[in-house]
Amino acid sequence: MKTNPLFTKALEKGAQGQRLDRFEALSLARSITPDNLHALGKAALANRRSRFNNQATYVFNLQINPTNICGAGCSFCNYAASRNAPHAYIMDEAEIMDKVKRLLPVEVHIVGGLNQIWPYERNLELIRLLRCNFPNLHIKAYTAVEIDYFAKTSKKSEETVLAELIEAGLDAMPGGGAEIFSERLYLKNWKNKLDPKGWIRIHNKAHSMNISTNATMLFGFGDTWLERVEHMLILRKAQDLNLAKGFTCFIPLAFQPGKGNFIINGPTPLETLAVLAISRLVLDNIPHLKSYWPMTGLEVGAAGLSWGADDMDGTITEEKIAHLAGSPTPVGLARGKMVETILEAGFEPVERDGQFKHREIGAELS
Ligand code: V47
Ligand code: SF4
């Protein structure tokens with residue numbers, strides 16, 4: 001089959017870190033064939049090398065999900081539970097503080113379900129408590145979906161909720177809840193929570209209040225290649241408008257089918273790698289690209305470093321969202337295993353902090 005000349009041009013420009021126009025970006029989505037995949041990966045690797053040489057980062061972090069009780073009913077989610085479900089759980093403040101004290105992570109990543117067991121005020125107090133006890137801890141917490149829920153249930157504006165959380169000690173927001181910016185899929189799969197326009201609005205507000213955020217994209221649950229590239233173009237446009245803080249990192253999330261019968265198979269390893277490569281080439285203005293191993297498997301996660309990614313997220317310690325959806329990866333990695341995985345993939349491991357600044361491996365939290 002003859003290769004589309006726009007695709008060839010997109011790869012040449014992308015490999016050199018030049019901006020792809022809309023048609024060039026969409027040509028990547030239209031040209032996913034087995035013959036084209038390696039050229040795509042090669043271009044993404046060249047782009048990634050010109051930004052980060054051979055370095056690959058990770059953070060010593062801890063995911064905290066205070067409870068999985070959630071009534072939003074997103075079709076793809078195996079993590080959420082109704083109050084009386086056998087896998088429902090609720091953590092309390094003492095448990096969370098004990099965990100942080102014991103592990104002394106560099107970063108915590110806190111997200112939970114939409115519920116009134118851990119309502120807004122309790123979450124606000126948790127951030128205060130963490131900040132007070134761990135002044136140097138990087139606190140990345142609450143998706144735009146939770147900010148929207150906090151605002152609605154506390155009858156405060158989104159700005160007030162963000163301002164109060166920042167004052168309490170919030171450093172950054174994670175990128176969850178974006179799913180994929182497609183009205184078609186929104187109406188079908190997560191219509192009880194924040195829509196794509198609302199997600200962008202809340203991230204724009206956070207950026208204007210000097211908070212950096214991440215952005216995710218859930219893929220492999222009935223979405224098309226064109227919808228994936230459109231999602232990236234929407235993020236690229238939003239990032240162009242950011243003057244102060246913006247998106248630090250993009251994280252494609254490979255759908256985990258779990259035990260439900262919604263969709264039987266998640267994306268294939270090559271599909272996951274191609275999503276990473278296209279992300280690197282299209283998102284020229286988002287600095288970092290994460291290969292999120294709990295959703296891909298450790299081997300494909302490490303291979304992602306050769307397909308455009310520069311970061312492996314972290315040791316995580318107790319991942320729940322992917323694992324309650326049946327992911328066979330370990331629930332956390334020791335630092336040594338993370339270092340070994342990156343080395344085996346042919347890259348130089350570098351430990352980072354929550355803002356992607358390099359730090360000495362294993363340096364104590366001061
Ligand atoms: O928003 C839910 C997704 C997200 C499934 O910002 C699923 O650094 C795959 O956002 N299969 C939460 N994905 C996780 C998340 C995240 C993860 C790592 C790092 C960061 C960051 C953010 O997980 C949800 C949803 O899109 N999700 N169910 C599933 N079955
Ligand atoms: Fe609730 Fe988030 Fe799961 Fe949706 S994805 S059901 S909001 S926990």
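Please refer to the structure higher up on the page.
Thresholds applied
Residues numbered from 1 in each chain as written. Chains lettered and ligands numbered in written order. Predicted model: local features only at pLDDT ≥ 70, side-chain atom pairs only at ≥ 80, totals over all residues. Heavy atoms only, no water. Near = heavy atom within 4 Å. 1 Å grid on protein atoms, 1.4 Å probe; cavity = no way out; pocket = protein on both sides within 12 Å on 5 of 7 lines; lining within 4 Å. Sits in = over half its atoms within 2 Å of the grid points. Nonpolar A, V, L, I, M, F, W, Y, C, P; charged D, E, K, R; others polar. Salt bridge = Lys/Arg side-chain N within 4 Å of Asp/Glu carboxyl O. Helix = DSSP H or I, 4+ residues; strand = E, 2+ residues; numbered from the N terminus. Buried < 20%, exposed > 50% of the residue type's maximum accessible area, 1.4 Å probe, protein only. Points joined across faces, edges and corners; volume = space filled by probe spheres on them. Polar contact = N/O pair within 3.5 Å; in protein donor to acceptor, adjacent residues only side chain to side chain. Areas by Shrake-Rupley, 256 points an atom, 1.4 Å probe, with all protein chains shown as cover. Axes fitted to C-alpha atoms, helices over the stretch in contact; angles between N-to-C directions. Parallel < 35°, antiparallel > 145°, perpendicular 65-115°, else oblique. Contact = heavy atoms within 4.5 Å. Phe/Tyr/Trp six-rings, centres within 6.5 Å; stacked < 30°, edge-to-face > 60°. Lys NZ or Arg CZ within 6 Å of the ring centre and 35° of its normal.

Observations concerning the site of ligand 2
Point 1. Taken together, Cys70, Ala72, Gly73, Cys74, Phe76, Cys77, Tyr79, Ala80 and Lys193 make up all the residues around ligand 2.
Point 2. In this structure, ligand 2 is accommodated by the largest cavity.
Point 3. For the shell around ligand 2, the per-class residue count stands at seven nonpolar, one polar and one charged.

Quick notes on the pattern of salt bridges
Point 1. Counting across every chain of the model gives 23 salt bridges.
Point 2. In this structure, the salt-bridge partner of Glu93 is Arg122, at a minimum N-O distance of 2.7 Å. Here Glu93 is found in helix 4 (residues 93-103), whereas its partner Arg122 is found in helix 5 (residues 120-133), with 29 residues between them in sequence.
Point 3. Exposure remark for Arg122: the relative accessible area of 22% places this residue in the partly exposed category.
Point 4. Here Lys152 makes a salt bridge to Asp148, at a shortest N to O gap of 2.9 Å. In this pair, Lys152 and Asp148 are both assigned in helix 6 (residues 144-154), four residues apart and thus about one turn of the helix distant.

Considerations on empty space enclosed by the protein
Point 1. For the structure shown, the criterion picks out four cavities of 30 Å³ or more.
Point 2. Counted as a void, the largest cavity has a volume near 760 Å³.
Point 3. Along its surface, the largest cavity is lined by 40 residues, and Gly176, Gly177, Glu179, Leu253 and Ile321 are the ones closest to its centre.
Point 4. The set of elements that each furnish at least two residues to the lining of the largest cavity consists of helix 6, strand 6 (212-219) and strand 7 (247-254).
Point 5. Classifying every residue of the lining of the largest cavity by side-chain character gives 20 nonpolar, 13 polar and seven charged.
Point 6. Looking at the second largest cavity, its volume works out to about 80 Å³.
Point 7. Surrounding the second largest cavity, 14 residues form its lining, His138, Lys140, Asn214, Gly354 and Phe356 being those nearest its centre.
Point 8. At the level of elements, strand 4 (138-141), strand 5 (172-173) and strand 6 are the ones that each hand at least two residues to the lining of the second largest cavity.
Point 9. Here the residues of the lining of the second largest cavity sort into three nonpolar, seven polar and four charged.

Focus on the site of ligand 1
Point 1. By nearness alone, 23 residues border ligand 1, and Lys140, Gly175, Gly177, Glu179 and Lys290 come closest of all.
Point 2. Here an oxygen atom of ligand 1 and a side-chain polar atom of Asn214 are 3.0 Å apart.
Point 3. A distance of 2.8 Å separates a nitrogen atom of ligand 1 from a polar atom in the backbone of Gln256.
Point 4. Here ligand 1 has 620 Å² of accessible area as a free molecule, and 95% of this is covered by the chains.
Point 5. Structurally, ligand 1 is housed in the largest cavity.
Point 6. Considered class by class, the residues forming the shell around ligand 1 number twelve nonpolar, seven polar and four charged.

A word on the packing of helix 6 against helix 7 (residues 158-168)
Point 1. In the contact formed by helix 6 and helix 7, the axes pass within 9 Å of each other and the chain directions differ by 110°. One way to sum up the angle between helix 6 and helix 7 is to call them roughly perpendicular. Mapping the contact onto sequence places Ile147, Asp148, Phe150, Ala151 and Ser154 in helix 6 and Glu158, Val161, Leu162 and Leu165 in helix 7.

Brief notes about the packing of aromatic side chains
Point 1. Taken as a whole and judged by the stated rule, the model has nine aromatic pairs.
Point 2. Ring plane angle 65° and centroid distance 6.3 Å describe the contact between Phe76 and Trp190, whose orientation is recorded as edge-to-face. Separated by 114 residues along the polypeptide, Phe76 in the loop between strand 2 (61-64) and helix 4 and Trp190 in the loop between helix 8 (183-189) and helix 9 (196-208) bring together distant segments of the chain. Trp190 matches Phe76 in its accessibility class, with the two residues each being buried.
Point 3. On the numbers, 5.2 Å between centres and 75° between planes, the contact of Tyr142 with Phe150 is edge-to-face. The residues Tyr142 and Phe150 share a single accessibility class, namely buried.
Point 4. Of the aromatic side chains, those joined through ring pairs into one cluster are Phe76, Tyr186, Trp190, Phe221 and Phe255.
Point 5. Sitting over the ring of Phe60, Arg335 keeps its end group 3.9 Å from the ring centre.
Point 6. The cationic tip of Arg352 hangs over the ring face of Phe356; the distance from NZ or CZ to the ring centre is 3.7 Å.

It is worth stressing that arrangement in space is one thing and function is another; only the former is reported here.
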